[in-house]
Amino acid sequence: MAQKIRSTEGLLRENAPKGEPILPKEGERNILITSALPYCNNVPHLGNIIGSTLSADVFARYNRTRNRRTLYVCGTDEYGTATETQALTEGITPKELCDKYYLLHRATYDWFEIAFDHFGRTTTPQHTEICQEIYTNLSKHDLLEKQTQEQTYCEGCKKFLADRFIEGTCPHCGADEARGDQCDLCGRTVDAIEIINPRCRVNKTHKVTLRPSANMYVRLDVVQPRTEEWIKKSWKAGGWSPNAVINSAGVLIDARLKDGMRPSPVTRDLTWGVPVPDIEGADNQEMKGKVLYVWFDAPIGYPSISANYTSEWKQWWFNPEHVQLYQFMGKDNVYFHTIFWPSIQLGDGRNWTMLHHLSTTEYLNYEGGKFSKSHNRGVFGPAAKETGIPVSVWRYYLLSSRPETQDSMFSWAECVAANNNILLKNFGNFINRVLTFVAKNYDGIVPDGSDTGDLLSPNDEHDADFVTDINSLLRQYIDTLEAVKLRQGLHIVMQLSSRGNGYLQSAGLGTALRESNPTRCAQVLCRAVNLIYILSVVIEPFMPATATAILVQLNAPVRTVPEAFAIDILPGHVLGKPEHLFKPIKEEMAETWRAQFAGSKKDVVEVQPAGAPGTVPTPALSKRKAAAAAKAAKKDVVYAGPKTPEIVALEETVAAQAEIVRTLKAKTPKTKEVDDEIAVAVEELKKLKADLTTAIKSLQ
């Protein structure tokens, strides 16, 4: 089919030559992206996916739409006692366990269309080599010291117990079932010997005692002044997201920094791990037979996985002048990426590419509770595919619910509503209406409305407001994605399609317009087709399969993100066959899936309201959460019909005000002044929402 695409520099996407590695280029913006390495001892749940891999994928895809050299690496973290304990549970070796879960992780991410440039693993020769080289450099720089300390020893197992084989009471907050390396409740790192009433996880009846053992520690206290200086500089230059290390005012708030860093262990009395290198010195020789601590070797997985991708990996990792590093993770991983690993890089002494932008998420919870693999509660790994919900819908809902400033809740009802009310009736409706009209009335050929292949003027005789609005939304989209505000970026994409629906409504697209004013009808359609071409690229980071389907229907090549609205698909271009992008999901399926993934009875309570025998069990809710859920249930259904320019403008204003409220709520420390600001902002948001509701009701 004949294509007629505007010929202009930078319009179409550039791809790296097949078979050649992606490498940075001096004079261009080069983007290196990592997502937290998942433990290779389980399958990821939806919260894991949105917390790191999916979020990083969106940003990587966005940068590719800007024709930037972009490398996105990730892989499984395979050493450490988390692997050993799970292998013990499953009755297989750690290596067999890693091989099994590597494939499960890979299959899950493939289905979710996570486009890694390389997804590797840490059990490779390159990983061992790079880890040992860094360890050796720390030793040369006098940043390692031997400490002989009491270690937990199991009399029954006849061996020293690694952190993950110890559980007991947290010495900081008193929570039971704290691990020997970290308490999940308070988030503090601990030493296994600090655990109160320690128990062996292999056999809780075994007697756990203390015995002396020598290990190497990295002198974080010596590096701390350089680390703090680097954190403040990088936080400001990279615009880190809110986190527990440095607040929005640039003040270091991490308790470990405030109390003074202490030497941290880098070796362990284990066999499953990277062997400690054989280097000179009596203290170093005492480390023979031990392995590197997993918290030391895991972050090194980023460069080592890159080394498995290309032998030229140092062009990415020792090139801070020309490479910007963006790292994505959940909030529980912040310390290791902002303090520990950067301290190791500084202590190593080489010119490392270090963290530029930190993007963290809070927790995604599940239907009033938490994901739980042990109780089979929530959606894990391949189970998402088994629901029959298309991957684009999964990606849309997870990203629209991305917990950027506070925990968010997965809801089956909201997931179904997102498909039916937003994707189907707003986004999909606009595209299908335009392409179907062209197919039926113009034989699928873009009509000539006297627009030339050029930028549309904001002073256009007919569509000045429309062109101005699209240009404004494009600027917002670019600014938002550059700042890694992914959820807001997706919202702006939906605003673009909403504006398209409003444009068709105000222009009066239909048979009457075609017959009374054929030139204007052709102009409206040509401009609408070109808005669809823009939608194909701005939706691509979030929903790549949808973007591909749009391009097939447009019969158009992959393009870049434009900074202004132009006629890029020219009159005379032959379109493909229009198809529906989304299909409705029956509302009752929400209850079906809620029951399917509800988990064991320990996680749910049966609610039996009067007159409703046999109600599907629902998750237990506290009174506060139940009240919040009831309040949420009373909210108006999202309006998905044709929208006037007034409604579109109000929606944009509401979204902007909501972002102001979220930003204020993320401020720390909390003061009376901040609370007063929040109260004023919330009242303004309520007023704007009321105005929007009134405007919508006037159309119904």
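This is a predicted model, so every value here is computed, not measured.

1. Some words on the sheet that holds strand β9 (residues 208–218)
Now for step 1: The sheet built from four strands is open, its strands ordered β5-β4-β9-β10 with antiparallel pairing. The open sheet is flanked by β5 (159–160) and β10 (264–265), the only strands paired with a single partner.

2. Overview of the environment of H580
Now for step 1: Topologically, H580 is positioned in the loop between α19 (544–554) and α20 (589–596).
Now for step 2: On the accessibility criterion, H580 (61% relative accessible area) is exposed.

3. Points about the sheet that holds strand β14 (residues 355–361)
Backbone hydrogen bonds hold the strands of a sheet together, and the pairing may be parallel or antiparallel.
Now for step 1: As summarised here, the arrangement of the five strands in space is β3-β2-β1-β13-β14, forming an open sheet in which the pairing is parallel. The open sheet has two free edges, formed respectively by β3 (118–121) and β14, since each of these has just one partner strand. When strand polarity is set aside, the average angle formed by the axes of neighbouring strands in this sheet is 20 degrees.
Now for step 2: Of the strand pairs in this sheet, strand β2 (residues 69–76) and β3 are connected by four bridges, and their pairing is parallel. The partner of T76 across the bridge, within β3, is R121.
Now for step 3: The strands touched by helix α11 (residues 334–348) within the sheet are β13 (323–330) and β14, with β14 carrying the most contacts at an inclination of about 160 degrees.

4. Description of the packing of helix α14 (residues 412–442) against α20
Now for step 1: Contact geometry of α14 with α20 gives a least axis separation of 8 Å together with a crossing angle of 140 degrees. With respect to each other, α14 and α20 are oriented oblique. Our pair here, α14 against α20, has a crossing hand that is right-handed. Residues W412, A413 and V416 of α14 form the contact with α20, whose own contacting residues are A590, W593 and R594.
Now for step 2: Classifying every residue of the contact of α14 with α20 gives five nonpolar, no polar and one charged.

5. Side note on the pattern of salt bridges
Now for step 1: All told, the structure shown has 44 salt bridges when counted by the stated rule.
Now for step 2: Note that D117 and R64 form a salt bridge whose closest N and O atoms lie 3.0 Å from each other. Note that D117 is positioned in the loop between α3 (94–111) and β3 and R64 in helix α1 (residues 46–65), a separation of 53 residues in sequence.
Now for step 3: Salt-bridge contacts for R179 lead to D181; the nearest nitrogen and oxygen are separated by 3.1 Å. An identical accessibility class is assigned to R179 and D181; each is buried.
Now for step 4: Several salt bridges share partner residues, and in doing so they unite R29, R66, R68, E482 and E563 into one network.

What counts and what doesn't
- Residues numbered from 1 in each chain as written.
- Predicted model: local features only at pLDDT ≥ 70, side-chain atom pairs only at ≥ 80, totals over all residues.
- Heavy atoms only, no water.
- Pairing = 2+ DSSP bridges.
- Helix = DSSP H or I, 4+ residues; strand = E, 2+ residues; numbered from the N terminus.
- Buried < 20%, exposed > 50% of the residue type's maximum accessible area, 1.4 Å probe, protein only.
- Axes fitted to C-alpha atoms, helices over the stretch in contact; angles between N-to-C directions.
- Contact = heavy atoms within 4.5 Å.
- Parallel < 35°, antiparallel > 145°, perpendicular 65-115°, else oblique.
- Left-handed = near helix turned anticlockwise from the far one by under 90°.
- Nonpolar A, V, L, I, M, F, W, Y, C, P; charged D, E, K, R; others polar.
- Salt bridge = Lys/Arg side-chain N within 4 Å of Asp/Glu carboxyl O.

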